[in-house]
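Structural features, examined
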Amino acid sequence: SLHDALPICIAGDRFVLHPLLRVFARELAGDRNLADSAEERHARYLIAHIKDIKDATSLTADDVGEALMAGEWLLRKREPDQSYLISLQPLLHRHGYWKEAKVLMARFLELAKERADPDGVVQLSIQRSKFLQLSGDLQRALDVLRSVLPDVEATADRRTEAMVLTSLGGVLQRLGRFEEAADVLNKAGAIEGRLKNDRGQAMVLNSLGGVLQRLGRF
């Protein structure tokens with residue numbers, strides 16, 4: 001009965017309503033034509049909340065479903081909120097939602113292509129490739145990065161080019177294609193050096209060191 005559902009349940013250090021209350025609330029919202037506005041408020045609250053969180057470890061696996069629902073809402077509304085996806089990535093990574101993440105990134109990538117958003121296409125391709133790698137689909141991760149590289153090289157955005165090359169070098173390294181990986185990482189490192197981006201150059205050199213070790217170039 002609804003009366004039996006009224007007590008609040010405790011989840012970790014937070015209070016949550018009983019699932020029956022959620023079902024009852026959805027029925028009331030539908031009956032009163034409030035479902036769409038309630039869904040929007042809920043989605044926008046989650047989006048703002050996840051963007052504001054500095055440490056994804058404070059979120060639990062129970063939060064993932066809610067976060068993915070907010071992503072689905074953005075897709076239905078045709079809103080390509082890249083900053084939300086970037087904020088969401090650590091949560092999906094931490095709790096192993098790699099399959100869901102790569103599907104979500106692929107759908108937002110299609111939306112970016114439809115909107116002719118070249119920067120969005122590149123950034124989402126990089127994010128998608130990360131989750132393809134985590135799920136073991138290295139060849140597709142390689143294909144995704146290679147598909148955007150010519151467009152990036154044709155622009156003046158060297159920082160983004162270095163990011164794509166660094167990601168590409170990492171995939172080639174995991175595929176055991178060390179000579180190709182070394183070539184790509186050398187290009188990325190040269191760009192980061194010209195940009196005087198110490199952090200980016202350090203990341204590239206760390207990866208390059210591992211590749212050269214595998215090649216026996218001590």
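The rules behind the values
Residues numbered from 1 in each chain as written. Predicted model: local features only at pLDDT ≥ 70, side-chain atom pairs only at ≥ 80, totals over all residues. Heavy atoms only, no water. Helix = DSSP H or I, 4+ residues; strand = E, 2+ residues; numbered from the N terminus. Buried < 20%, exposed > 50% of the residue type's maximum accessible area, 1.4 Å probe, protein only. Contact = heavy atoms within 4.5 Å. Areas by Shrake-Rupley, 256 points an atom, 1.4 Å probe, with all protein chains shown as cover. Lys, Arg positive; Asp, Glu negative; His and termini not counted. Charge placed at Lys NZ, Arg CZ, Asp CG, Glu CD. Expected span 1.5 Å × (residues − 1). Core = buried A, V, L, I, M, F, W, Y, C linked by side-chain atoms within 4.5 Å.

This part covers the overall build of the protein. Looking only at helices and strands, one finds 11 helices and 2 strands in the protein. If you list the helices and strands of the protein from N to C, you get α-β-β-α-α-α-α-α-α-α-α-α-α. Taken over the C-alpha atoms alone, the protein extends approximately 70 × 35 × 30 Å along its principal axes. Per-residue burial over the protein gives 37% buried out of 218 residues. Across the protein, every contact between residues at least 6 apart in sequence was considered, and the portion connecting residues at least 24 apart equals 58%. For the protein, the exposed area adds up to about 12,800 Å²; of that, 54% sits on carbon and sulfur atoms. The distance from the centre of the 31 positive side-chain charges to the centre of the 31 negative ones in the protein is 3 Å.

Three- or four-residue spacings in an α-helix give side chains the same orientation, since the helix completes a turn every 3.6 residues. Its 17 residues give helix α6 (residues 98–114) an end-to-end C-alpha distance of 24 Å, which sits within 8% of 24 Å, the value for a rise of 1.5 Å per residue. Listed in full, the buried residues belonging to α6 are A101, L104, M105, A106, F108, L109, L111 and A112. Lining the buried residues of α6 we find α4 (61–76), α5 (82–94) and α7 (118–134). Count one or two residues on from α6 and you reach A116, which has phi positive near 50°.

Turning to the nonpolar core, a few remarks are in order. Of all hydrophobic cores here, the largest spans 53 residues; its most connected members are Y84, L88, F108 and V164. In this structure F108 touches G71, L74, L75, E79, P80, D81, L85 and L124, once residues within four positions along its chain are discounted.

Given a rise of 1.5 Å per residue, 16 residues ought to cover 22 Å, and the 22 Å separating the end C-alpha atoms of helix α8 (residues 138–153) matches this to within 8%. Those residues of α8 that fall on the buried side of the exposure criterion are L138, A141, L142, V144, L145, V148, L149 and V152. Packed against the buried residues of α8 are α7 and α9 (158–174).

Backbone phi values are negative for most residues with the exception of glycine, while trans is the configuration of most peptide bonds. One non-glycine residue, R78, adopts positive backbone phi at about 60°. Inspection of the secondary structure puts R78 in the loop between α4 and α5. For R78, a relative accessible area of 40% corresponds to the partly exposed category. Despite not being glycine, A116 shows a phi value in the positive range, around 50°. Inspection of the secondary structure assignment puts A116 in the loop between α6 and α7.

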